[in-house]
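Residue-level structural notes
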Amino acid sequence: MLQTTKMVRIALTVIVCIAGSFAAVPPSIKVCSRNDPDLSRCVTESVNDLRPRLATGKISDEFRIPPLEPLALSTVNMDRGAEFKATFSELLVSGPSKFKIDNLKVNIEKLIFDFNIFLPKLSFKGKYDLKIKLLLLNIAGVGDLTGVIENNHARVKLMCEKYTKDGSEYMRVKKLLVRIQIEKGRFDMKDLFRGDPVLSQAGNQFINENSRLFLDELTPGLERSLSETFKSTANEIMQQATFDDIFPA
């Protein structure tokens, strides 16, 4: 659930780092020429150099991007019929600035960016509203949610395109594909069974013992939320510079 926005800003960072000659971007961002014979390596190094500033989003006094800490996620809904309904909202995630990217591939002619993201640990809090039936146990509740997911992997593919505005050529994200893998997670949902302490503890224990089922239901909604959020955020930033500004020759 935390991935929803973690990857949003991370993928965004790749684009921002490539855009090293934005007029407003300070020297703290390493410029990568479109003619660099090892452009993928250059972009990866740019992201790694910039990582310490990403938690607050303050690249310089004049240039800011959305902060990675904490990361706000859009509402995630799960619904597979009467036996499994859940909504997670007001989600805030800590730990996304510890991300690592690898296997970055850039196709500058087709404007395609393909890379892996790894997040060792993400802590989250928010609100939940759920009604589920797992095996023989009916679990229901509304309240506060906290938890941790660990060893998170994602494959991200950005497909961009050029467009013309005011006589100049710009770039935007046309499509964003995300595939997420979450190795394990722990959840703590307050007020299950209307706050009954014994049943609430039993419900949380059951959910955590069967967390794989829970995470598998959650992943598709996270992927959709991430794709939509990042596409919007990336396009908002990229419209500030022309294509030649973003990819200097």
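Described below are features of the structure shown in this document. Since this is a predicted model, take the numbers as computed values, not measurements. (Residues numbered from 1 in each chain as written. Predicted model: local features only at pLDDT ≥ 70, side-chain atom pairs only at ≥ 80, totals over all residues. Heavy atoms only, no water.)

Summing up its helical and strand segments, the protein chain has five helices and seven strands in all. Sequence-ordered secondary structure for the protein chain, helices as α and strands as β, is α-α-β-β-β-β-β-β-β-α-α-α. Within the protein chain, the fraction of its 249 residues that count as buried is 50%. Expressed as a percentage of contacts within the protein chain between residues at least 6 apart in sequence, the contacts between residues at least 24 apart total 69%. Total accessible area on the protein chain is roughly 11900 Å²; 48% of this is exposed by carbon and sulfur atoms. (Helix = DSSP H or I, 4+ residues; strand = E, 2+ residues; numbered from the N terminus. Buried < 20%, exposed > 50% of the residue type's maximum accessible area, 1.4 Å probe, protein only. Contact = heavy atoms within 4.5 Å. Areas by Shrake-Rupley, 256 points an atom, 1.4 Å probe, with all protein chains shown as cover.)

A few words on the pairing of strand E4 (residues 100-107). Pairing between E4 and strand E5 (residues 112-134): six bridges, direction antiparallel. Across the sheet, residue Lys105 finds its bridge partner in E5, namely Asp114. (Pairing = 2+ DSSP bridges.)

Another point: the packing of aromatic side chains. With the rule as written, the count across this model stands at two aromatic pairs. Just above the ring of Phe243 sits the side chain of Lys162; from NZ or CZ to the centre is 4.2 Å. Lys165 extends its terminal NZ or CZ atom over the ring of Tyr170, reaching a point 4.5 Å from the ring centre. (Phe/Tyr/Trp six-rings, centres within 6.5 Å; stacked < 30°, edge-to-face > 60°. Lys NZ or Arg CZ within 6 Å of the ring centre and 35° of its normal.)

Moving on, we come to the environment of Ile112. Tracing the chain through its elements places Ile112 in strand E5. Counting along the chain gives 45 residues from Ile112 to Lys157, while the straight-line C-alpha distance between them is 7.1 Å. With sequence-adjacent residues up to four places away left out, Ile112 is seen in contact with Lys105, Val106, Asn107, Lys157, Leu158 and Met159.

For Asp166, which is not glycine, the phi dihedral falls at a positive 55°. By secondary structure assignment, the location of Asp166 is in the loop between strand E6 (137-165) and strand E7 (168-189). A positive phi angle, close to 60°, is found at Arg194, a residue other than glycine. With respect to the secondary-structure elements, Arg194 resides in the loop between E7 and helix H3 (197-209).

A few words now on helix H2 (residues 39-54). Under the 1.5 Å per step criterion, the end-to-end length of H2 is 22 Å for 16 residues, consistent within 8% with the ideal 22 Å. At Asn48, H2 shows its largest kink, close to 30°, and the proline Pro52 lies no more than four residues downstream. Of all the residues in H2, the buried ones are Leu39, Ser40, Cys42, Val43, Thr44, Ser46, Val47, Leu50 and Leu54. (Expected span 1.5 Å × (residues − 1). Bend = angle between axes of the 7 residues up to and from the residue.)

A few words now on a positive patch on the surface. A cluster of basic residues, Lys110, Lys157, Lys174 and Lys175, forms a positive patch on the protein surface. Considering the arrangement of structural elements, one finds Lys110 in the loop between E4 and E5. Of the residues examined, Lys110 reaches a relative accessible area of 59% and is grouped as exposed. (Patch = residues over 30% accessible without salt bridge, like charges linked within 9 Å, V, L, I, M, F, W, Y side chains within 5 Å. Salt bridge = Lys/Arg side-chain N within 4 Å of Asp/Glu carboxyl O. Lys, Arg positive; Asp, Glu negative; His and termini not counted. Charge placed at Lys NZ, Arg CZ, Asp CG, Glu CD.)

So, on to the side chain of Thr242. Turning to its location among the elements, Thr242 is positioned in the loop between helix H4 (211-238) and helix H5 (243-246). Looking at Thr242, the relative accessible area reads 18%, which means it is buried. Dropping the residues within four chain positions of it, Thr242 is found in contact with Ser168, Glu169 and Tyr170.

Along the polypeptide, Lys175 turns up in strand E7. Sequence separation between Lys175 and Ser227 is 52 residues; the distance between their C-alpha atoms is 8.3 Å. Not counting residues up to four positions away in its chain, the partners in contact with Lys175 are Lys157, Leu158 and Met159.

Honestly, it's all geometry; don't read function into it.
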